[in-house]
Amino acid sequence: MNKLMRVCATLILAATTTLAQAGEVEVLHWWTSGGEAKAVATLKKMMEAQGHTWKDFAVAGGGGEAAMTVLKTRAVSGNPPAAAQIKGLDIQEWARIGVLANLDDVAREENWDQILPPKIAAIMKYKGSYVAVPINVHRVNWMWANPEVFKKAGARIPTTLDEFFTAADKIKAAGFFPLAHGGQAWQDATLFEAVALTRLGVEDYEKAFVTHDMDVLSSDKMAGVFATFQRMHQYIDPNSAGRDWNVATASLIQGKAAMQIMGDWAKGEFTAAGLKAGKDYICKPAPVTQGMFTFNVDSLAMFKLNNEANTKAQKDLARTILRPEFQKIFNQAKGSIPVRMDMDMSSFDACAQASMKAFKSTSKSGGLTPSFAHGLATTSAIQGQIFDVVTNFFNDPDADPKVAAQQLADAVRSAR
Ligand code: BGC
């Protein structure tokens, strides 16, 4: 065989090996806003670069409730996707019914136990084995502000609740919407969660939403949370019912609204619009929550498959997600921070750098607490009960905060 023929033979062999190993990954997620779509496109690209086919299974709907409903239907019919965005305690529930794949071999090869914070690794494991891969850490207790609107209204960006209400009054009087919001249950719960953290502090927040202490849930303090939450209602756009969160973020970008209390996926929208942190928009912890961090970890749980090539693609997907190259580009687009604690943050924006610093310091100080609005503190059954009480309360101007606190305790009790 001459040299040219040998080279051709090697190339043909390489191509057929790649083809033989190339599989398809179907990935269920709800990342459909501008920033989210850019972020998920980075994963698609990296999978395609490895020769695999990406089958997008996007189900629109912030917070993911619609996606979870669709996933259940697919799983019941015995045809789950290769991977699905399943978070927190729900990972355990899916694993318990025996449908999730074991990722321990990839985890060992890639040193997941060494690179992940132990608290997060534990969420991804069922009976000591990895069944899901974490993608990022979102901080939920953020407040986003449009500095121009503040300037026009002569208001200061608030760090306490009193300052929040003073600023909100000025902004409203100047003809802007103080608080960008979308009237959907999960968004109401996201705002309520920030107020709860503000008024209860981490210890009572956890008693209420993690360990479900009935005394705290029905307490006067909790009634106080509902009262503050109710007071905020007058500062949102009266047409916000049913509005998507990213449409609310857009009203901030367009200079119609001044603030939004929302997780840092909102930053993905600012980034996608070409805006610069600290200049075009400001990030601050939600009032009074400096030194606290409500965490939300996106993760893909992997389903058992019976096709060899697709199983290989699924493992490559898991491997790719925790590689530094992906952690960087995905999280820069998504607004979150890497879930690997060993990443160089110098190319991230100031808000992400602050978030990483706060994540690390609150891990030590005890200020790190799971978000119930995003499925990290409770199962979706309890979460659903809380959402109902919170959203019914928010939409009823005559609702009584004391009654709501009792309803909250009753609702949580009924779902346990
Ligand atoms: C998810 C984020 C997503 C947000 C809005 C959250 O529950 O964790 O990844 O961007 O919902 O859809």
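Residues numbered from 1 in each chain as written. Predicted model: local features only at pLDDT ≥ 70, side-chain atom pairs only at ≥ 80, totals over all residues. Heavy atoms only, no water.

Focus on the domain arrangement of the protein
Okay, so step 1: Domain annotation for the protein reports domain 1 (24-136 + 296-351) and domain 2 (139-295 + 361-415).
Okay, so step 2: The gap between the C-alpha centroids of domain 1 and domain 2 is 27 Å.
Okay, so step 3: Tallying the contact residues gives 24 residues for domain 1 and 27 residues for domain 2.
Okay, so step 4: Carbon and sulfur atoms supply 57% of the area that domain 1 and domain 2 bury against each other, a total of about 2,100 Å² over both sides.
Okay, so step 5: The tally of links between domain 1 and domain 2 comes to one salt bridge.
Okay, so step 6: Lys-267 serves as the salt-bridge partner of Asp-349, at 3.0 Å between the closest nitrogen and oxygen.
Okay, so step 7: When residues of the side of domain 1 that touches domain 2 are traced back to their parent elements, those giving at least two are helix H2 (34-49), helix H4 (89-96), helix H7 (118-124) and helix H16 (324-334).
Okay, so step 8: Counting residues per element, the side of domain 1 that touches domain 2 draws most heavily on H2, at four residues.
Okay, so step 9: Its residues assigned to classes, the side of domain 1 that touches domain 2 comprises five nonpolar, ten polar and nine charged. (Domains from an automatic or database assignment. Contact = heavy atoms within 4.5 Å. Buried area = accessible area lost by both parts, 1.4 Å probe. Salt bridge = Lys/Arg side-chain N within 4 Å of Asp/Glu carboxyl O. Helix = DSSP H or I, 4+ residues; strand = E, 2+ residues; numbered from the N terminus. Nonpolar A, V, L, I, M, F, W, Y, C, P; charged D, E, K, R; others polar.)

A word on helix H14 (residues 265-272)
Every α-helix carries 3.6 residues per turn, so stepping three or four residues along brings you back to the same face.
Okay, so step 1: Burial within H14 is extensive, with six of its eight residues counted as buried.
Okay, so step 2: For H14, the complete set of buried residues consists of Trp-265, Ala-266, Lys-267, Gly-268, Glu-269 and Phe-270.
Okay, so step 3: Positive phi appears at Gly-274, one or two residues downstream of H14, with a value of about 80 degrees. (Buried < 20%, exposed > 50% of the residue type's maximum accessible area, 1.4 Å probe, protein only.)

Description of the layout of surface pockets
Okay, so step 1: Of the pockets and cavities examined, the largest pocket occupies roughly 460 Å³.
Okay, so step 2: Around the largest pocket, the lining is made up of 24 residues, and of these Met-68, Lys-72, Asp-90, Ser-380 and Gln-383 lie nearest the centre.
Okay, so step 3: When contributions to the lining of the largest pocket are tallied by element, the ones reaching two or more residues are helix H3 (65-76), H4 and helix H18 (380-394).
Okay, so step 4: For the lining of the largest pocket, the per-class residue count stands at eight nonpolar, eleven polar and five charged.
Okay, so step 5: Two domains share the lining of the largest pocket, each providing at least three of its residues, namely domain 1 (24-136 + 296-351) and domain 2 (139-295 + 361-415).
Okay, so step 6: Estimates place the volume of the second largest pocket at around 270 Å³.
Okay, so step 7: Around the second largest pocket, the lining is made up of 15 residues, and of these Asn-79, Pro-80, Ala-82, Leu-305 and Asn-310 lie nearest the centre.
Okay, so step 8: The element contributing the most residues to the lining of the second largest pocket is strand S1 (residues 24-29), with three residues. (1 Å grid on protein atoms, 1.4 Å probe; cavity = no way out; pocket = protein on both sides within 12 Å on 5 of 7 lines; lining within 4 Å. Points joined across faces, edges and corners; volume = space filled by probe spheres on them.)

Thoughts on empty space enclosed by the protein
Okay, so step 1: Taken as a whole and judged by the stated rule, the model has two cavities of 30 Å³ or more.
Okay, so step 2: Roughly 110 Å³ of volume is contained in the largest cavity.
Okay, so step 3: As for the largest cavity, its lining consists of 15 residues, and the residues nearest its centre are Trp-30, Glu-36, Gly-63, Trp-265 and His-374.
Okay, so step 4: Residues belonging to the lining of the largest cavity are distributed by class as follows: five nonpolar, six polar and four charged.
Okay, so step 5: Of the domains in this structure, domain 1 (24-136 + 296-351) and domain 2 (139-295 + 361-415) are the two that each give at least three residues to the lining of the largest cavity.
Okay, so step 6: Taken as a whole, the second largest cavity encloses approximately 30 Å³ of empty space.
Okay, so step 7: Around the second largest cavity, the lining residues are Leu-161, Ala-194, Val-195, Thr-198, Met-232, Ile-261, Ala-286 and Pro-287.
Okay, so step 8: Sorting elements by how many residues they give to the lining of the second largest cavity places helix H10 (residues 185-209) first, with three residues.

What to know about the sheet that holds strand S13 (residues 299-302)
Okay, so step 1: Pairing within the open sheet is mixed, and its five strands lie in the order S2-S1-S3-S13-S6. The open sheet terminates on both sides in strands that have one partner only, identified here as strand S2 (53-58) and strand S6 (132-134). Averaged over all neighbouring strand pairs, the angle between strand axes comes to 20 degrees, with direction disregarded.
Okay, so step 2: Judged from the two bridges that link them, S1 and strand S3 (residues 83-85) form a sheet pairing that is parallel. Counted as the bridge partner of Leu-28 is Ala-84 from S3. (Pairing = 2+ DSSP bridges. Axes fitted to C-alpha atoms, helices over the stretch in contact; angles between N-to-C directions.)

Topic: helix H12 (residues 220-232)
Okay, so step 1: Helix length check: H12, at 13 residues, gives a terminal C-alpha distance of 19 Å against a target of 18 Å (1.5 Å per residue), a fit within 8%.
Okay, so step 2: Along H12, the positions that sit buried rather than exposed are Met-222, Ala-223, Gly-224, Val-225, Phe-226, Thr-228, Phe-229 and Met-232.
Okay, so step 3: Those residues of H12 that are buried are in contact with helix H9 (161-173), strand S9 (177-179), H10, helix H11 (214-217), H18 and helix H19 (401-415). (Expected span 1.5 Å × (residues − 1).)

What about the site of the ligand?
Okay, so step 1: Neighbouring residues of the ligand: 13 residues in total, closest Glu-36, Lys-87, Asp-298, Lys-334 and His-374.
Okay, so step 2: Between the ligand and the protein, one listed contact pairs an oxygen atom with a side-chain N or O atom of Glu-36 at 2.5 Å.
Okay, so step 3: A total of 310 Å² of accessible area belongs to the ligand in isolation, and the protein chains cover 100% of it.
Okay, so step 4: Mapping the ligand onto the cavity grids shows that it belongs to the largest cavity. (Near = heavy atom within 4 Å. Polar contact = N/O pair within 3.5 Å; in protein donor to acceptor, adjacent residues only side chain to side chain. Areas by Shrake-Rupley, 256 points an atom, 1.4 Å probe, with all protein chains shown as cover. Sits in = over half its atoms within 2 Å of the grid points.)

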